Amino acid sequence: MRAVLFCFLPFLFLSGCGIFDLKVAEPPVNVYGDDPLNLGNILSFNTEIDDNVDYAELFTKDVVFEYSSAMTQIQGRDEVLKMLEYLRLQASSVDWQMDKGDRKPEGNLLIYENVPYFVYFEGEMICSGNADFHIVKNLEWRIKYWKDVPDDAHTPFFIP
Amino acid sequence: MKFIWIVLVFVLSSRAGHLPQELVWPRQTAPEDTCRLRVNSEQSLFDKTFTSTDNLVYRPVSGPYEIEQGLWYELRRDRLRNHRHYVNASGEVYRSLSSLPWIKPGFDWIPVTQVYKWNKGVNTLMTLDAGPSVIFDLKGIPLNVRAGLSGRRIDSLASWRNGDHRSSVGAYGSFRLGAFNSVLPFAPLYFQLEGVGRSIENSAMASISGSALSAFTIGPQDSVFVYGDASLFNGKEGYLEESADSRSSYFSRTPWRIEQNLNFTAGFKGRKRLLFYPSLYYSWEKKQRVFPTDDRKRDEKTARHTLSASASTDTAANLSYRGTLSFDWREHDKLFKRVLPEKANESNVDSLKLNLWDHVGFSPRTNHRLQLRLPYSASLIYDLTLYRVLTEYPNFFIDEGKKVTNIDDNDRLTKTHRVTLAYGGGQVSGELFGEMTEYTLVYLRRAKSSSNRTDQEQKVGLALEWTPNEKVYLSESVLAEAKKGEFHFSDLHQESVERPPYSRALSSDLTGALLLLPELQIKGSWSIKYSDYGFWYGRDYMDAALAQDSTSRVDYYAITSKSIYYTVDLGILFQHKALSAEVGNAFTDTYDRFFQSGNYIVTNDKGYTTKPYCDLNYIISENLNISSHVSYTFVVGRSASGYWDFRMQVEGQL
């Protein structure tokens, strides 16, 4: 019993020093702010995207998600609503280099190919890759097609 | 004698689970391989993907000659029927000299061929390293020196016409001093230093690396461990790379890379003090990676310090304790402390944006376990874990009068309490546990702090095993879990998909076995899992809805999807002498429903499957074993076709 007390006391002392207290956040701006993948940046090259990022507003209803992993060579598609929920819950940050991709305007369709991206998690770059986007304008610009080709053996965005 | 005693102390001391792996003393050494022929062959066919890996190592003994010839062959065929072959036939020969026992001349060769065959052609890369090598024995310290010629031939690669090829010749050299797993004869020190250089066509590289581990005693029973390693790589290498769409391959060179790694770790394991056993370690690590000709922003310098302390009491006591407290500091630097102007312009904005990803991190972690022994072979265990990760991005710049920062600064805390009541003894053993985990995510900047949330997760589980005699075995485990999120700023999450996620699951796994005859056993398992997923419509998230209709329902869990998954597996196991065979069938069904337009729509896309299978294992001799698995999965209820799963392995030595 004494031994247990001897061990617990330093822990209690250190816990009281605040090393496990989280920092206080700045008050949020009045937006959703839920865009961990920075998808708003993809469209911001074509249209004004305000800070109200609602993923359902960024994609057409018949959006196609496609991925092709160099290692597994799996190709697949998933249901749109479920995928949007999944994407929104991801906690990575993505730097999309839209200006480095190939841009091909075709009427009201804008095709981006080989857009390099870098994924950061807790500040550390965890993977990179290339993406193709088809962005279509009806009333607003929306993503109609998104193909993900991650580098090496990294998992595509669309695999939970 | 004293040295032996010191080693014994180290053996006992190094068994502390708290110290990191690099401080383990003594290092585990694989037993010397004396067999003449070692075989390993694995074949796997799954759906339309086939993989074959075959490895042979032949070591004939012939007088003063030591010969080793290997053959490694791999074949991978993917769903698109692309074939990738890999053949490596490395070998070496050394001759012992009776007049000069400290030198052993030899020769080694590493021929490698890679063939990539796809529907529009065949691409091939062949490389060969061959040259003399010498092993010196420098007063018990081995020194291996190799040098020779490198050859490379590339056939019919992308942008080449079919039949075209090019060849090139280069050179290589390498050395290795010391050995990773043997102590120096004159000091308690593991030491190894190695270097390698290669130049062929326009890809050249050089690398040097070394590591050392030592341990010594302080006082009667305290031990100190010190470890360090360093490495430097400079250059680029060529390889056969698959294209991004997996439809072709081409010869590529890694970008020019300069990489340095440094690591220093020191640990202390003490004798019993004030009734507890202490241990402590400190680790410092530095990594720097530079790509001088690559613009993919991958240059980075990182530094990490770790300090960790642990204490435990005697586990034989009725009440025992084990705990650890550790701190981790990290620093990531993308531009190597380059001084940049605060104001952005066209020429510097890329660098300023990259500089925003510099960050510092702080991660304290602690875990504690209290164990109380109870009567009747039972024990009560309490575990507490706290883990915090703080990441901050200090850099910023001014663009058109606006301050631009990285908005990802975040602070996360995971707190877990777990209580376990364990019982083990006699015919029945079991465990009842409850666990609560709280995960809090705080984004510090205003641009993302609306996403701040706390997730609460609860789990309750029961696992029981019953073995009344040698013929009967029965086990059951039940797990119930629930997870609910809560946003810190609920007024900013009033839209339906923005409300907190909520999920629940209940699962049960029952397995049993009955020995009917000495050679015949019936086995079975039954698993079922119910899970649902949705959103929490708490009052705090319904302000907008209540403003429109004050009678709106609040404080409820809206389930968007429900799923029931179950599987039944029945089999018969037959064992006779060296043969073991199991045949059976696994039936699996999934029943999914999604909420849509006011109803739960059944989306039984996955249908159900039934999978007859057969597992065979045959021990050919004491050192040679063959095992295989074959099954076919019939998919019923959707258009998808079934698929084969075949695996076979032959492993052993002659």
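Structure first, text after, so check above.
In this text, all values refer to a predicted model and were calculated from it rather than measured experimentally.

Caption draft 1: Up close: the overall build of chain A. When you go through chain A residue by residue, the secondary structure sums to four helices and six strands. Reading chain A from its N terminus to its C terminus gives the helix and strand order α-α-α-β-α-β-β-β-β-β. Once local pairs closer than 6 in sequence are excluded, the contacts in chain A between residues at least 24 apart make up 49%. Accessible surface, chain A as shown: approximately 8,100 Å² in total, 53% of it carbon and sulfur.

Caption draft 2: Geometry of the overall build of chain B. Scanning chain B for helices and strands turns up three helices and 35 strands. Taken along the three principal axes of its C-alpha coordinates, chain B extends 95 × 85 × 75 Å. In chain B, buried positions account for 37% of the 654 residues. For chain B, the share of sequence-separated contacts (at least 6 apart) that also reach a separation of at least 24 residues comes to 55%. Working note: accessible area of chain B is about 35,600 Å², and carbon and sulfur atoms make up 58% of it.

Caption draft 3: Quick look at the pairing of strand E9 (residues 141-155) of chain B. All names here are of chain B. Inspection of the sheet shows strand E8 (residues 121-138) paired to E9 by 13 bridges, in the antiparallel sense. Looking across to E9, one finds that Phe 136 is bridged to Leu 143. In textbook terms, the turn of a hairpin is the stretch between consecutive antiparallel strands, and for E8 and E9 this stretch comprises two residues, one of which, Lys 139, has a positive phi near 50°. Here 13 bridges tie E9 to strand E10 (residues 165-183), and the two strands are oriented antiparallel to one another. Pairing of Asn 144 across the sheet is with Arg 176, part of E10.

Caption draft 4: Representation of the nonpolar core in the model. Counting 24 residues, the largest nonpolar core has A:Trp96, A:Phe133, A:Ile135 and A:Trp146 as its most contacted members. Elements that contribute at least two residues to this core include exactly helix H2 (39-43), strand E1 (59-67), strand E2 (93-96), strand E4 (109-121), strand E5 (124-137) and strand E6 (141-150) of chain A. Considering every element that reaches this core, the biggest residue donor is E4(A), with five residues. With 11 residues, the next largest nonpolar core counts A:Phe20, B:Phe327, B:Phe362 and B:Leu444 among its residues.

Caption draft 5: Expanded view of the pairing of strand E27 (residues 472-487) of chain B. All names here are of chain B. Looking at chain direction, strand E26 (residues 453-469) and E27 are connected through 15 bridges and run antiparallel. Residue pairing across strands places Asn 469 opposite Val 472, the latter belonging to E27. Linking E26 back to E27 in an antiparallel pair, the connection comprises two residues.

Caption draft 6: Quick look at the pattern of salt bridges. Considering all chains together, one arrives at 23 salt bridges over all chains under this definition. Residues B:Glu392 and A:Lys23 are paired through a salt bridge, measuring 2.9 Å at the closest nitrogen-oxygen approach. Pair noted here: B:Glu392 is in strand E21 (residues 378-392) and A:Lys23 is in the loop between helix H1 (2-15) and H2, and the two residues belong to different chains. With a relative accessible area of 23%, B:Glu392 lands in the partly exposed category.

Caption draft 7: How the structure looks around the side chain of B:Asp409. All names here are of chain B. In this fold, Asp 409 is placed in the loop between strand E23 (402-405) and strand E24 (410-425). At 3.1 Å, the side chain of Asp 409 and the backbone nitrogen of Tyr 393 are in polar contact. At 3.3 Å, the side chain of Asp 409 and the side chain of Arg 445 are in polar contact. Non-local contacts of Asp 409, meaning those with residues more than four positions away in its chain, are made with Thr 391, Glu 392, Tyr 393, Val 442, Tyr 443, Leu 444 and Arg 445.

Caption draft 8: Looking closely at empty space enclosed by the protein. Residue and element names in this part refer to chain B. Tallied over the full model, the rule gives two cavities of 30 Å³ or more. The space that makes up the second largest cavity amounts to roughly 30 Å³. Forming the walls of the second largest cavity are Gln 260, Asn 261, Leu 262, Lys 286, Lys 287 and Gln 288. Looking at the lining of the second largest cavity, the elements that each hand over two or more residues are strand E16 (257-269) and strand E17 (277-290). For the lining of the second largest cavity, a count of residues per class yields one nonpolar, three polar and two charged.

What counts and what doesn't
- Here the residue index of a chain counts from 1 through its sequence in written order.
- Each chain gets a letter, beginning with A, and each ligand a number, beginning with 1, in the order they are written.
- Where local features are concerned, this predicted model is filtered to residues with pLDDT of at least 70; where side-chain atom pairs are given and counted, the filter is 80 or more; whole-chain, interface and lining totals use all residues.
- Only hydrogens and water are set aside when side-chain values are computed; all heavy atoms of the structure are taken into account.
- The helix and strand labels rest on DSSP assignments: H or I over at least four residues marks a helix, E over at least two residues marks a strand, and numbering proceeds from the N terminus.
- Whether two residues are in contact is decided by their heavy atoms: any pair within 4.5 Å suffices.
- Accessible areas in this description were obtained via Shrake-Rupley with a 1.4 Å probe; residue shielding takes into account the shown protein chains only.
- Type-normalised accessible area, obtained with a 1.4 Å probe on protein chains alone, sets the label of each residue: buried when under 20%, exposed when over 50%, and partly exposed for intermediate values.
- Pairing between strands is defined by DSSP: at least two bridges between the two strands are required.
- Only buried residues count toward a nonpolar core, which is a set of Ala, Val, Leu, Ile, Met, Phe, Trp, Tyr and Cys residues joined through side-chain atoms within 4.5 Å.
- Every case where a carboxyl oxygen of Asp or Glu lies within 4 Å of a side-chain nitrogen of Lys or Arg is listed as a salt bridge.
- By the criterion applied in these results, polar contacts are pairs of N or O atoms within 3.5 Å in which, for protein atoms, one can donate a hydrogen and the other can accept it, and in which residues neighboring in sequence qualify only through two side-chain atoms.
- Here the term cavity refers to a set of points on a 1 Å grid, laid over the protein atoms alone, in which a 1.4 Å probe fits but cannot get out; the term pocket refers to an open set having protein on both sides within 12 Å along at least five of seven lines, with lining residues being those that place an atom within 4 Å of a point.
- Grid points are joined across faces, edges and corners, and a volume is the space filled by probe spheres set on the points.
- Under the grouping applied here, Gly and all other residues not named as nonpolar or charged are polar, the nonpolar ones being Ala, Val, Leu, Ile, Met, Phe, Trp, Tyr, Cys and Pro and the charged ones Asp, Glu, Lys and Arg.

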